[in-house]
Amino acid sequence: MKNAVNDGVWSGTWVARRLGVELEGDEHLTDLLGLALRRNPKRAHLLVSKVLGKHVPQSPAVVHGHGLRLGHRVRALLGDAEAARAVVLGYAETATGLGHSVADGLALAPYLHSTRRPVAGVTPAGGFEESHSHATSHLLLPEDPALLAGDGPLVLVDDEFSTGNTVLNTIRELHARHPRRRYVVVALVDMRSAEDAARLDRFAEEIGARVDLVAAASGTVRLPEGVLEKGQALVAEHESAGAEPGPAPHGEVTRVELGWPDGLPDGGRHGFTPAHRARLEAALPAMAARIAQELPAGSRRVLVLGFEELMYAPLRLAAELERTIPAEVRYSTTTRSPVLAVDDPGYAIRTRLAFPAHDDPADGPGERYAYNVAGAGFDTVVAVVDSAADTDPLHATDGLLARLAAHAPHVLLAVVPAHAPHPFERPAMLPEPLRGPAFSSYAPDEVGWLLQDLSAVSLEAPTEEREEAVQNGGAHYAESLPVEYQPSERYQALFHAALDTSADRIARAVGVVTETVLTERSSRPVLVSLARAGTPVGVLMRRWAGQRYGVELPHYAVSIVRGRGIDANALRWLAAHHDPRDVVFVDGWTGKGAITRELSSAIEEFERAEGVTGFDPEIAVLADPGSCVRTYGTRDDFLIPSACLNSTVSGLISRTVLRADLVGPDDFHGAKFYRELADADVSVAFLDAVSARFPQVLDEVDAAVKELLAEDRAPTWEGWRAVERISEEYGIHDVNLVKPGVGETTRVLLRRVPWKILAKADAGADLDHVRLLAEQRGVPVEEVDDLPYTCVGLIHPKYTRGATGADGRAVNV
């Protein structure tokens with residue numbers, strides 16, 4: 001590649017000829033944009049900006065100048081009075097520097113950009129999805145919560161305005177919290193279709209706000225039919241050709257101490273005010289001079305390379321360097337986005353350097369890229385990263401610095417201190433979620449467990465001993481664990497038969513509850529299962545959304561304990577990493593509704609204590625026979641096979657444990673991972689059997705959801721009233737000892753001391769496993785005609801160990 005110059009050929013020619021893609025619009029559009037192919041299943045082509053400073057090294061004065069001019073236009077549009085009340089919001093990662101530059105041009109307003117880097121203890125002020133992006137989820141993490149709470153104009157800045165979906169998602173999200181009369185959308189290029197433009201106008205009318213658009217150029221991309229498939233085929237054909245050959249490093253790496261001002265934010269991730277800008281302006285000459293001092297004598301061509309979201313600080317350093325030294329200075333940044341490289345003058349991405357992520361990203365390790373750097377003739381590259389990214393992987397033999405040193409004789413490393421906003425006083429840093437295979441037999445992306453691993457602690461006690469202690473008030477049921485039930489061959493056969501016959505019914509219920517959540521609760525829900533019965537349901541809901549819509553929903557499992565509430569530290573972790581308004585609590589089924597009430601009470605207490613709001617305590621369940629919630633897959637009381645077993649159908653995880661000597665005030669609740677039961681594990685088999693039925697129940701689900709959304713689904717608490725009646729009728733006088741529904745009855749038989757089972761007379765095969773368990777434990781099954789549930793399990797009232805025989809079988813009393 002010759003100095004990244006495309007020899008007078010438009011850098012979109014290669015893609016246009018092969019895919020039939022056409023770029024139409026302003027006469028200067030091709031001066032601003034080239035074309036490339038991306039490795040992305042959602043969109044084949046990539047509009048590559050020549051003036052953004054992301055993929056194509058460019059003069060920093062040109063990059064900053066485009067943003068400044070857009071900012072000047074916004075200020076003229078708003079007038080100084082409104083500009084002083086405005087907030088500028090940029091999009092990660094590509095437009096963080098552009099948004100900063102627009103804010104510089106506006107001059108009077110603070111700046112914030114979205115981020116994909118969560119910060120423990122900082123509650124998101126919002127979040128949204130960028131559907132076509134390689135990494136879709138954005139967080140808004142202002143250090144000052146009031147930054148987005150005003151009613152002045154909101155200026156949203158992105159590099160391109162293609163469909164408008166991302167901007168609409170953002171405005172919809174923020175307008176619901178803090179309505180404004182005016183929004184200004186800013187982009188380098190407006191590439192919307194007439195239909196997309198009309199959609200934005202309709203949306204503005206709906207919310208009663210004015211939405212203006214400011215762009216440097218406008219046009220459209222004409223895409224022929226089948227372009228996605230053709231693009232993917234081209235990527236597959238040329239993938240290896242553009243990869244970095246991987247020569248050995250030969251350049252030197254030298255660290256430069258910038259002298260970054262104490263307390264000055266490194267950018268707009270948590271907010272950047274006009275006062276911050278003034279401090280930076282004053283410090284730039286000295287910092288650029290320190291870089292210039294370390295440049296080799298006779299440097300002719302210097303690249304300042306920023307790092308993903310850290311675009312603005314490197315840009316301003318590069319601009320100051322360009323102004324003060326005789327060498328040619330160029331600026332670009334590394335990126336998460338995988339793009340095909342083709343060394344052709346008519347293609348926008350000539351070369352690609354690939355290297356491992358080096359900032360411990362929240363979504364896990366992965367490959368990162370620097371484009372158009374190799375072969376561009378730079379004799380010095382100044383890599384600018386923040387301190388969070390100055391890690392061992394950065395300096396590794398396959399890391400970014402080594403990749404740069406293979407293509408430039410000199411590499412300088414400048415580290416900007418990563419700004420750390422003030423977090424909540426408590427907790428101290430909470431650990432990241434536990435994931436399989438280290439904890440649970442589920443795949444790591446299926447669920448993150450907000451629990452601590454107590455596998456090494458002996459917690460099991462005989463069922464009868466636990467029951468006596470619980471009923472006598474000597475212990476809480478969550479302070480120990482029952483001995484794990486090991487199913488007989490006959491019982492295992494019943495499980496598999498039940499799974500085979502009920503998989504369709506479960507798949508329908510999963511589809512209905514997931515579609516209801518997506519329609520009514522959030523378009524990007526964060527699924528939070530109540531461990532452990534809710535966990536398989538949460539995984540299935542996540543799979544439904546993934547299979548049908550191609551979205552990967554975050555999913556966690558947390559502990560809730562009757563009488564003790566939900567794990568407050570888990571809620572703190574969720575609030576620090578996600579918008580509480582997007583959290584949807586998930587459970588397997590409702591019985592009498594005790595956990596529903598427990599969760600509601602616990603959320604109220606948490607909000608009072610922590611000042612964190614937004615969590616919705618309503619649970620989404622697969623089955624709601626007790627009529628306790630509005631969001632459910634069905635209200636039928638039927639056999640859910642995951643209720644038939646304990647840990648071996650729940651990722652080999654025990655029920656949760658809360659005991660003062662094991663769980664401190666800043667700890668997650670605990671649980672055990674029963675690795676030794678791996679041979680009996682059917683957790684993944686259960687999930688696979690149900691999710692395999694998703695395609696064939698789509699039509700039924702859509703019809704059921706349409707009908708359900710039109711119904712009155714207000715909880716009647718019918719189950720609670722039935723439990724109170726049964727409690728009195730059978731002389732128990734304690735509703736906690738009455739466990740209604742197939743799932744709860746199964747739990748009684750597996751880990752409590754059952755007294756008797758009440759069964760609906762015509763229950764049929766749904767109770768085969770209950771009858772078998774009752775037979776094995778010597779528990780009578782009494783058929784009842786007017787039972788509102790398929791069955792009800794009664795725990796032995798006023799239990800003492802004298803109520804069982806020597807073999808542990810119940811004695812009829």
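Computed from a prediction, not measured in an experiment: that's the story for all the values here.

**Here's the deal with the overall build of the protein chain**
Link 1 in the chain: The number of helices and strands found in the protein chain is 22 helices and 32 strands.
Link 2 in the chain: Out of the 813 residues belonging to the protein chain, those deemed buried represent 60%.
Link 3 in the chain: At a minimum sequence separation of 6, the contacts of the protein chain that also span at least 24 residues come to 77%.
Link 4 in the chain: Working note: accessible area of the protein chain is about 30800 Å², and carbon and sulfur atoms make up 50% of it.

**What about the packing of helix α9 (residues 274-294) against helix α10 (residues 312-324)?**
Link 1 in the chain: Relative to each other, α9 and α10 sit at 60°, their axes nearing to 9 Å. Regarding the angle of α9 to α10, the classification is oblique. Classified by chirality, the crossing of α10 by α9 is right-handed. Of the residues in α10, those touching α9 at Arg 277, Leu 280, Glu 281, Leu 284, Pro 285, Met 287, Ala 288, Ile 291 and Ala 292 are Tyr 312, Arg 316, Leu 317, Glu 320 and Leu 321.
Link 2 in the chain: Of the residues assigned to the contact of α9 with α10, the class counts are 10 nonpolar, no polar and four charged.

**Some points on the pairing of strand β9 (residues 182-190)**
Link 1 in the chain: Along β9, nine of the nine residues are buried, which leaves the element largely enclosed by surrounding structure.
Link 2 in the chain: Note that strand β8 (residues 154-161) and β9 share seven bridges and pair parallel. Residue pairing in the sheet places Leu 154 in a bridge with Tyr 183 of β9.
Link 3 in the chain: In the classification by handedness, the crossover that spans β8, the intervening helix α6 (residues 165-177) and the parallel β9 is right-handed.
Link 4 in the chain: Here eight bridges tie β9 to strand β10 (residues 210-222), and the two strands are oriented parallel to one another. Counted as the bridge partner of Val 184 is Asp 212 from β10.
Link 5 in the chain: The parallel pair β9 and β10 is bridged by helix α7 (residues 194-207), and the resulting crossover is right-handed.

**Let's talk about helix α14 (residues 489-520)**
Link 1 in the chain: Between its first and last C-alpha, α14 extends 43 Å over 32 residues, near the 46 Å set by a 1.5 Å rise per residue.
Link 2 in the chain: The largest bend in α14 comes to about 55°, at Ser 502.

**Quick look at the sheet that holds strand β1 (residues 22-25)**
Link 1 in the chain: With mixed pairing, six strands are arranged side by side in an open sheet as β1-β10-β9-β8-β4-β5. On the outer flanks of this sheet lie β1 and β5 (111-113), each paired with one strand and no other. Within this sheet the neighbouring strands show an average axis-to-axis angle of 25°, counted without direction.
Link 2 in the chain: Bridge count between strand β4 (residues 87-90) and β5: three bridges; the pairing is parallel. Looking at β5, one finds that Leu 89 is bridged to Leu 112.
Link 3 in the chain: Contacting β4, β5, β8 and β9, helix α5 (residues 96-106) crosses the sheet at an angle of about 135° to β8.

**Some words on the side chain of Arg 316**
Link 1 in the chain: Positionally, Arg 316 belongs in helix α10.
Link 2 in the chain: Among the residues examined, Arg 316 registers a relative accessible area of 9% and is labelled buried.

**Some remarks on the packing of aromatic side chains**
Link 1 in the chain: Applying the stated criterion to the full structure yields 10 aromatic pairs.
Link 2 in the chain: An angle of 75° between the planes, with centres 5.9 Å apart, marks the rings of Phe 272 and Tyr 312 as edge-to-face. Taken together, the residues Phe 272 in the loop between β11 (252-256) and α9 and Tyr 312 in helix α10 connect sequence positions 40 residues apart.
Link 3 in the chain: Residue classification places Phe 272 among the buried positions, given a relative accessible area of 2%.
Link 4 in the chain: What makes Tyr 312 buried here is its relative accessible area of 3%.
Link 5 in the chain: Connected via pairs of aromatic rings, a cluster forms that spans Phe 439, Tyr 442, Trp 449 and Phe 673.
Link 6 in the chain: Its end group placed over the ring of Trp 755, Lys 756 keeps NZ or CZ at 4.6 Å from the ring centre.

**Some remarks on the nonpolar core**
Link 1 in the chain: Among the nonpolar cores identified, the biggest contains 129 residues, and Leu 37, Val 155, Val 186, Tyr 347 and Leu 404 are the most heavily contacted of them.
Link 2 in the chain: The contacts of Val 186, once residues within four sequence positions are left out, are Leu 70, Val 74, Val 102, Val 155, Leu 156, Val 157, Asp 158 and Val 214.
Link 3 in the chain: Residues Phe 585, Val 612, Phe 638 and Ala 759 belong to the second largest nonpolar core, which totals 102 residues.

**Describing the pattern of salt bridges**
Link 1 in the chain: Tallying each qualifying case throughout the model produces 40 salt bridges.
Link 2 in the chain: Across the pair Glu 700 and Arg 508 runs a salt bridge, and its minimum N-O distance is 3.3 Å. Of the two residues, Glu 700 is situated in helix α19 (residues 698-709) and Arg 508 in helix α14; the sequence distance between them amounts to 192 residues.
Link 3 in the chain: Across the pair Asp 582 and Arg 524 runs a salt bridge whose closest N-O atoms are separated by 3.4 Å. Placement of Asp 582 in the loop between α16 (568-577) and β25 (583-589) and of Arg 524 in the loop between α14 and β22 (526-531) is noted, with a sequence separation of 58 residues between them. There is no split in this pair, since Asp 582 and Arg 524 are both buried.
Link 4 in the chain: Among the charged side chains, a salt-bridge network with shared partners connects Arg 117, Asp 266, Arg 269, Glu 309, Asp 359 and Asp 386.

**So, the sheet that holds strand β31 (residues 781-784)**
Link 1 in the chain: Strand order in the open sheet made by the four strands is β29-β32-β30-β31, with mixed pairing throughout. In the strand order of this sheet, the two ends are held by β29 (738-740) and β31, each with one partner. The mean angle between the axes of side-by-side strands here comes to 20°, regardless of whether they run parallel or antiparallel.
Link 2 in the chain: Pairing of β29 with strand β32 (residues 791-795) involves three bridges; the strand directions are antiparallel. Counted as the bridge partner of Lys 739 is Gly 793 from β32.
Link 3 in the chain: Taken strand by strand, helix α21 (residues 742-751) contacts β29, β30 (754-760) and β32, and its axis lies near 30° from that of β32.

Conventions we followed
Residues numbered from 1 in each chain as written. Predicted model: local features only at pLDDT ≥ 70, side-chain atom pairs only at ≥ 80, totals over all residues. Heavy atoms only, no water. Helix = DSSP H or I, 4+ residues; strand = E, 2+ residues; numbered from the N terminus. Buried < 20%, exposed > 50% of the residue type's maximum accessible area, 1.4 Å probe, protein only. Contact = heavy atoms within 4.5 Å. Areas by Shrake-Rupley, 256 points an atom, 1.4 Å probe, with all protein chains shown as cover. Axes fitted to C-alpha atoms, helices over the stretch in contact; angles between N-to-C directions. Parallel < 35°, antiparallel > 145°, perpendicular 65-115°, else oblique. Left-handed = near helix turned anticlockwise from the far one by under 90°. Nonpolar A, V, L, I, M, F, W, Y, C, P; charged D, E, K, R; others polar. Pairing = 2+ DSSP bridges. Right-handed = clockwise from strand over helix to strand, strands pointing away. Expected span 1.5 Å × (residues − 1). Bend = angle between axes of the 7 residues up to and from the residue. Phe/Tyr/Trp six-rings, centres within 6.5 Å; stacked < 30°, edge-to-face > 60°. Lys NZ or Arg CZ within 6 Å of the ring centre and 35° of its normal. Core = buried A, V, L, I, M, F, W, Y, C linked by side-chain atoms within 4.5 Å. Salt bridge = Lys/Arg side-chain N within 4 Å of Asp/Glu carboxyl O.

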